[in-house]
Amino acid sequence: MDIKTATALRRLRLVSAPEAVSFLILLVCSVLKRTTDFNAVPVMGAVHGVLFVLYVIFWADAWNRTKWPLKTGLLYFVLSVLPTGGFFAERRLKRAAEDEIIAARARKEGVVNA
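Residues numbered from 1 in each chain as written. Predicted model: local features only at pLDDT ≥ 70, side-chain atom pairs only at ≥ 80, totals over all residues. Heavy atoms only, no water.

Per an unreviewed UniProt entry, the recorded name for the protein is DUF3817 domain-containing protein, and the organism is Streptomyces fodineus. Turning to the protein, the UniProt annotation filed under Subcellular location (unreviewed entry) states: "Cell membrane". (UniProt positions renumbered as here; feature names shortened; annotations may be inferred.)

Enquirer: Would you take a moment to explain the UniProt feature "transmembrane region" (unreviewed entry) in the protein for this structure?
Expert: The positions that UniProt labels "transmembrane region" (unreviewed entry) are, in the present scheme, residues 39-60 and 72-89. For residues 72-89, helix accounts for 83% and strand for 0%, while the C-alpha atoms at its two ends are 11 Å apart. (Helix = DSSP H or I, 4+ residues; strand = E, 2+ residues; numbered from the N terminus.)

Enquirer: Quick question: what am I supposed to make of the UniProt feature "domain: DUF3817" (unreviewed entry) in the protein here?
Expert: Look at the UniProt record and you will see "domain: DUF3817" (unreviewed entry) annotated at residues 9-95. Secondary structure content for residues 9-95 is 87% helix and 0% strand, and the end C-alpha separation is 11 Å.

This is the structure we're talking about:
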């Protein structure tokens with residue numbers, strides 16, 4: 001894996017969890033807006049909007065660089081629109097990065113011919 005691909009995946013992974021947290025906070029703020037006088041929806045909506053746009057940009061870049069199959073690319077996009085999907089995306093991306101590091105070390109040491 002080249003450095004630009006690894007960087008694209010890292011950016012996607014790093015924005016996944018904050019995007020999921022902002023989505024959950026926005027949902028809580030939405031409920032509070034309707035049940036109390038507290039209204040943080042405009043602020044949290046803007047924060048979540050920025051994080052979601054960053055996620056989509058980083059997703060498109062990662063998909064373009066990694067040449068994921070359609071199923072994998074769409075999975076990561078669908079995870080971005082689910083309230084806790086960003087956590088699952090982050091976990092899958094972290095696991096894939098760790099697997100890539102292990103495979104690279106094995107190739108370097110001559111353990112495998114992959």
